[in-house]
Amino acid sequence: MLFNKNKNKAPLVDERLSHIAFIMDGNGRWAKSRGLPRKLGHKQGAIAFEKIVRECSKLGIKTVTVYAFSTENWKRPKDEVDAIMDLLADYVERAKSEDGTRYVFLGDKSILREDLRTEMEELEATSKNREYTLNIAFNYGGRAELVNAFNELVREGKTEITEDDISSHLYTRDSQDPDLIVRTANECRISNFLLWQCAYSEFYFTDVLWPDFDEKELYKAIRSFYKRKRNFGDVK
Ligand code: FPP
């Protein structure tokens, strides 16, 4: 019932797939294979990102999370880091005139450029009552997120904590855990992404480089998801 016969057609999505997360890998390789500077790979990656975010919304997916910049990505050459910051600034500027999306930035904003941080916070505030959620993980690390949550709980005076306490102190506190995590570019690891939240996620790995990840590739990932049997530890 969930599959259209034509593989290029959009699959039907229901409540079993309400949250997809993407590790957008392979921008550098995409650029290198064309003799281009890495930053042009990120530029093309940003185009793919916008296309996929739009398509997920059209399919009826409620929440999308993307890994745009990790706490480890600061190790990259300055011009590459600057290029990613500029792509984010440009995106935030355009997102201001988007009216259907709730934007949430996962990660530590405190060390970002002040003008960019202010714009990000304003976008979060003005969009907070909207339904379709886009979580952009930026200066994000899963371990740092957990440490931050534990420290908040300590400051609140907790001496014993529950799983719900932890979940409600993560940057993702307003989102359900991801049903599906997609990673592109032939890498099969989690790279410090959503470490707590991925406990029962399904994973989909593809060789396709992120800038080439288009609607058809998204449909393949979704179709693969719907072939899985999720028992959440139970027997069914
Ligand atoms: C990983 O590919 C990608 C990143 C570190 C950056 C992801 C950024 C974007 C897709 C565009 C920016 C979007 C926004 C909203 C800011 P890689 O560079 O590690 O690729 P490689 O493994 O082939 O070198």
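For the structure itself, consult the block above.
Just so it is clear, the structure is predicted and the values come from calculations on it, not from any experiment.

Definitions and limits used
Per-chain numbering applies: the sequence of each chain, read as written, is numbered from 1 onward. Note on the predicted model: pLDDT of at least 70 is required for a residue's local features to be given, and 80 or more for side-chain atom pairs to be given and counted; whole-chain, interface and lining totals, by contrast, use all residues. For side-chain calculations, the full set of non-hydrogen atoms in the structure is used, while hydrogens and water are omitted. Pairing of aromatic side chains here covers Phe, Tyr and the six-membered ring of Trp, requires ring centres within 6.5 Å, and sorts the geometry by plane angle: under 30 degrees stacked, over 60 edge-to-face, intermediate tilted. Secondary structure elements are defined from DSSP: runs of H or I of at least 4 residues count as helices, runs of E of at least 2 residues count as strands, and each element is numbered from the N terminus. The buried label goes to any residue with under 20% of its type's maximum accessible area, the exposed label to any with over 50%, and the partly exposed label to all in between, with areas taken from a 1.4 Å probe on protein chains only. A pair of strands is considered paired only if DSSP assigns at least 2 bridges between the two. As a rule, the C-alpha atoms of each element are fitted with a line to give its axis, helices using only the stretch in contact, and angles between N-to-C directions run from 0 to 180 degrees. Only heavy atoms enter the contact rule, under which two residues are in contact if any of them lie within 4.5 Å. A pair of cysteine sulfur atoms is labelled a disulfide when the two atoms are within 2.5 Å. For this description, a residue counts as near a given molecule or strand if any of its non-hydrogen atoms is within 4 Å of it. Whenever a nitrogen or oxygen atom comes within 3.5 Å of another N or O atom, the pair is scored as a polar contact, on the condition that within protein one atom can donate a hydrogen and the other can accept it, and that pairs from neighbouring residues in sequence are kept only if both atoms are in side chains. Residue burial considers only the protein chains on display, and all accessible areas are found by Shrake-Rupley using a 1.4 Å probe. Here the term cavity refers to a set of points on a 1 Å grid, laid over the protein atoms alone, in which a 1.4 Å probe fits but cannot get out; the term pocket refers to an open set having protein on both sides within 12 Å along at least five of seven lines, with lining residues being those that place an atom within 4 Å of a point. Occupancy of a cavity or pocket is assigned to a molecule whenever over half of its atoms lie within 2 Å of that pocket's grid points. Only buried residues count toward a nonpolar core, which is a set of Ala, Val, Leu, Ile, Met, Phe, Trp, Tyr and Cys residues joined through side-chain atoms within 4.5 Å. A pair is scored as a salt bridge if a Lys or Arg side-chain nitrogen falls within 4 Å of a carboxyl oxygen belonging to Asp or Glu. Working rule for angles: under 35 degrees goes down as roughly parallel, over 145 as roughly antiparallel, 65 to 115 as roughly perpendicular, anything else as oblique. A clockwise turn of the near helix away from the far one marks a right-handed crossing, whereas an anticlockwise turn of less than a right angle marks a left-handed crossing.

(A) Summary view of the packing of aromatic side chains. Using the criterion set out here, one finds 14 aromatic pairs in the structure. Centre to centre, the rings of Phe 49 and Tyr 91 are 4.9 Å apart; their planes meet at 70°, and the pair counts as edge-to-face. With Phe 49 in helix 2 (residues 38–59) and Tyr 91 in helix 3 (residues 78–95), this pair connects stretches of sequence that are 42 residues apart. Phe 49 gets classed as buried once you look at its relative accessible area, which sits at 8%. Ring geometry for Tyr 140 and Tyr 171: centres 6.4 Å apart, planes at 65°, overall edge-to-face. Of this pair, Tyr 140 sits in strand 4 (residues 132–140) while Tyr 171 is found in the loop between helix 6 (163–167) and strand 5 (180–183), placing the two residues 31 residues apart along the sequence. Counting every residue linked through ring pairs, the aromatic cluster contains Tyr 67, Tyr 140, Tyr 171 and Phe 193.

(B) Quick peek at the sheet that holds strand 5. Read across the sheet, six strands follow the order 3-4-2-1-5-6 without closing on themselves; strand pairing throughout is parallel. Each edge of the open sheet carries a strand with a single partner, namely strand 3 (101–106) and strand 6 (202–205). Pairwise comparison of adjacent strand axes, ignoring direction, gives a mean angle of 20° for this sheet. Helix 7 (residues 215–227) contacts strand 1 (19–23), strand 5 and strand 6 of the sheet and is inclined by roughly 140° relative to strand 6.

(C) Examining the state of the cysteines more closely. All chains considered together, the criterion is met by zero disulfides. Counting only cysteine sulfurs, Cys 198 is the nearest neighbor of Cys 56, a cysteine outside any disulfide, at a range of 19 Å. Cys 198 supplies the cysteine sulfur nearest to Cys 188, a cysteine that is in no disulfide, at a spacing of 14 Å. Using a relative accessible area of 55% as the deciding quantity, one classes Cys 188 as exposed.

(D) Representation of the site of the ligand. Not every one of the 16 residues close to the ligand is listed here, only the nearest: Gly 28, Arg 29, Arg 38, His 42 and Arg 76. Measuring from an oxygen atom of the ligand, one finds a backbone N or O atom of Gly 26 at 3.3 Å. Within the contact set of the ligand, an oxygen atom lies 2.7 Å away from a backbone nitrogen or oxygen of Arg 29. Considered on its own, the ligand offers 620 Å² of accessible surface; in the complex 91% of this is hidden by protein. Its atoms largely coinciding with the cavity grid, the ligand occupies the largest pocket. At the level of elements, helix 1 (27–32) and helix 2 are the ones that each hand at least two residues to the shell around the ligand. Among the elements that take part in the shell around the ligand, helix 2 stands out by supplying five residues, more than any other.

(E) Highlighting the nonpolar core. The biggest cluster of nonpolar side chains holds 44 residues, and the ones touching the most others in it are Ile 20, Phe 22, Phe 49, Val 64, Leu 218 and Ile 222. The leading source of residues in this core is helix 3, at seven residues. Those residues in contact with Leu 218 that lie beyond four places of it in its chain are Ile 20, Phe 22, Ile 52, Glu 55, Cys 56, Leu 59 and Phe 213. Of all hydrophobic cores here, the second largest spans eleven residues; its members include Val 104, Ala 137, Phe 193 and Cys 198.

(F) A look at the pattern of salt bridges. Within this structure, the stated rule accounts for 21 salt bridges. Residues Arg 183 and Asp 25 are paired through a salt bridge, measuring 2.9 Å at the closest nitrogen-oxygen approach. Taken together, the positions of Arg 183 in strand 5 and Asp 25 in the loop between strand 1 and helix 1 put the pair 158 residues apart, joining distant regions of the chain. The exposure class of Asp 25 is buried, given its relative accessible area of 18%.

(G) The arrangement of the packing of helix 2 against helix 3 in detail. One can describe the packing of helix 2 onto helix 3 by two numbers: an axis separation of 9 Å at closest approach and a directional angle of 25°. The orientation of helix 2 with respect to helix 3, classified from their angle, is roughly parallel. As for the relative orientation of helix 2 and helix 3, their crossing is right-handed in sense. On the side of helix 2, the interface is formed by Arg 38, Lys 39, His 42, Lys 43, Ala 46, Phe 49 and Glu 50, while helix 3 contributes Asp 79, Glu 80, Ala 83, Ile 84, Leu 87, Tyr 91 and Arg 94.

It is worth stressing that arrangement in space is one thing and function is another; only the former is reported here.
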